[in-house]
Amino acid sequence: MIDTQIQDTLQKLHGIFQEMDSVLVAFSGGIDSTLVLKVAHDVLGNRAAAVTAVSPTVASSELESCRRIALEIGAPHHVIASKAMDRPEFYQNGPRRCYTCKEELYSNGTRLAGELGLRWLANGTQKDDLKDFRPGLEAAKAFGVRSPLAEAGLGKTGIRRLSRSLGLAEWDKPADACLSSRVPFGTWITVERLGRIEQAEEILKKEGFRQVRVRDHGDVARIELRPEDFNRLIDRTLRENVVTAIQKTGFRYVTMDLRGYRPGSLNPEPPT
């Protein structure tokens, strides 16, 4: 059952996609872009397609998730290679790294949309994202990318409610971001560094931890979990197994951040 408020928002989304007429969705497999793809496909059928950019910054499990979700929705799914890591603006990892990555995605996505005869490129940006430090939003604006969720006034809570009402299995999927977001600004991003981050996070996920970040501080792996998961990791046997496994990925020390999981914990501090 969809309540009146959610029904009204869904109708807004329908109207946005009807006006767009055709769309290519920049699809990461997260709940935001999944909802965009689902509603776009419901409204437009095969005039809505998905595109996922792959590079070492994307965990292999996330690409497989993208393929599965697009198949379940029934939307055509295209995979393109991103060369953002070849650019110094990206691998030198300054505060505007995200702009470089999104510029690459939207440039290739715009080209692909034209080849497919699709009028618009859209992303999963939602209302709450507009308050965060996200240089990639500038790239979206530069390429004329649409953000249907933000246009409809949807934030994270409304997105989860609407996604659940539409039967999307990913409605409560933990938030994720590219692996490079685990590396402090100013520390160069390498394929090897991204690989050990991915391996370390997979170790924790296989132990049943859903919301996970492993921040890479050179020799130190700083684990962020939800505070309610702290006690599990402190269990002696599990803790020792996790530490040993993560050290095998290349880290010397393994720590747990007592502040817990925080989106964008490596972002620049706002001015005071």
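Shown above is the structure to which this text applies.
Quick caveat, the model's predicted, so the values are computed rather than measured.

Engineer: It is not clear to me how the pattern of salt bridges should be interpreted in this structure. Could you clarify?
Structural biologist: Where charged atoms of side chains with opposite charge meet at close range, the side chains can pair. Counting across every chain of the model gives 30 salt bridges. Glu64 is paired through a salt bridge with Arg67; the nearest N and O atoms lie 2.9 Å apart. Within this pair, Glu64 and its partner Arg67 are both found in helix H3 (residues 60-73), separated by three residues, close to a single helical turn. Judged by its relative accessible area of 38%, Arg67 falls in the partly exposed class. One salt bridge in this structure joins Glu151 and Arg146, with 2.8 Å as the shortest N-O distance. For Glu151, a relative accessible area of 40% gives the class partly exposed. Salt bridges here are not isolated pairs; linked through shared partners, they connect Arg215, Arg222, Glu224, Asp257, Arg259 and Arg262.

Engineer: Even after reading the chapter, I still don't get the side chain of Glu198, so can you show me in this structure?
Structural biologist: Here Glu198 lies in helix H9 (residues 191-206). At 3.0 Å, the side chain of Glu198 and the backbone nitrogen of Ser60 are in polar contact. In contact with Glu198, not counting residues within four places along its chain, are Ala59, Ser60, Ser61 and Leu179.

Engineer: What is the right way to look at the packing of aromatic side chains in this model?
Structural biologist: Here the structure, examined in full by the defined rule, presents one aromatic pair. Here the guanidinium or amino end of Arg146 rests over the ring plane of Trp120, the centre of that ring lying 4.6 Å away. In this structure, Arg196 packs its charged tip against the face of Phe251, placed 4.0 Å from the ring centre.

Engineer: Whenever I open this one, unusual backbone geometry confuses me. Can you help?
Structural biologist: Apart from glycine, the bulk of residues carry a negative phi angle, and the bulk of peptide bonds sit in the trans form. A positive phi angle, close to 80°, is found at Asp21, a residue other than glycine. By the secondary structure assignment, Asp21 is in the loop between helix H1 (4-20) and strand E1 (23-26). Unlike most non-glycine residues, Asn93 shows phi in positive territory, near 60°. For Asn93, the location among the structural elements is in the loop between helix H4 (88-91) and helix H5 (97-116).

Engineer: Sorry, what's going on with the pairing of strand E6 (residues 220-224) here?
Structural biologist: Two faces make up the sheet, and in a regular strand the side chains alternate between them. E6 sits mainly inside the fold: four of its five residues count as buried. Pairing of strand E5 (residues 213-217) with E6, which is carried by five bridges, proceeds in the antiparallel orientation. Each bridged residue has a counterpart across the sheet, and for Asp216 the counterpart in E6 is Ala221. Between E5 and E6, which pair antiparallel one after the other, the connecting turn spans two residues, and Gly218 there sits at a positive phi close to 70°. Of the strand pairs in this sheet, E6 and strand E7 (residues 253-256) are connected by four bridges, and their pairing is parallel. Paired with Ile223 across the strands is Met256, a residue of E7.

Engineer: Is there a simple way to explain the sheet that holds strand E3 (residues 77-81) in this structure?
Structural biologist: Hydrogen bonds between backbone groups are what pair the strands of a sheet, and the pairing can be parallel or antiparallel. Across the sheet, which stays open at both edges, the four strands sit in the order E3-E2-E1-E4 with parallel pairing between neighbours. Only two strands of the sheet have a single partner each, and these edge strands are E3 and strand E4 (120-122). When the angles between neighbouring strand axes are averaged without regard to direction, this sheet yields 30°. Pairing geometry for strand E2 (residues 48-54) and E3, over five bridges, is parallel. Each residue of the ladder has a partner; that of Thr52, found in E3, is Val79.

Engineer: How should I be thinking about the side chain of Ser55 in this particular structure?
Structural biologist: Note that Ser55 resides in the loop between E2 and H3. What makes Ser55 buried here is its relative accessible area of 18%. Here the side chain of Ser55 touches Thr57 through a polar contact of 2.8 Å, side chain to side chain.

Conventions and cut-offs
- Residues numbered from 1 in each chain as written.
- Predicted model: local features only at pLDDT ≥ 70, side-chain atom pairs only at ≥ 80, totals over all residues.
- Heavy atoms only, no water.
- Salt bridge = Lys/Arg side-chain N within 4 Å of Asp/Glu carboxyl O.
- Helix = DSSP H or I, 4+ residues; strand = E, 2+ residues; numbered from the N terminus.
- Buried < 20%, exposed > 50% of the residue type's maximum accessible area, 1.4 Å probe, protein only.
- Polar contact = N/O pair within 3.5 Å; in protein donor to acceptor, adjacent residues only side chain to side chain.
- Contact = heavy atoms within 4.5 Å.
- Phe/Tyr/Trp six-rings, centres within 6.5 Å; stacked < 30°, edge-to-face > 60°.
- Lys NZ or Arg CZ within 6 Å of the ring centre and 35° of its normal.
- Pairing = 2+ DSSP bridges.
- Axes fitted to C-alpha atoms, helices over the stretch in contact; angles between N-to-C directions.

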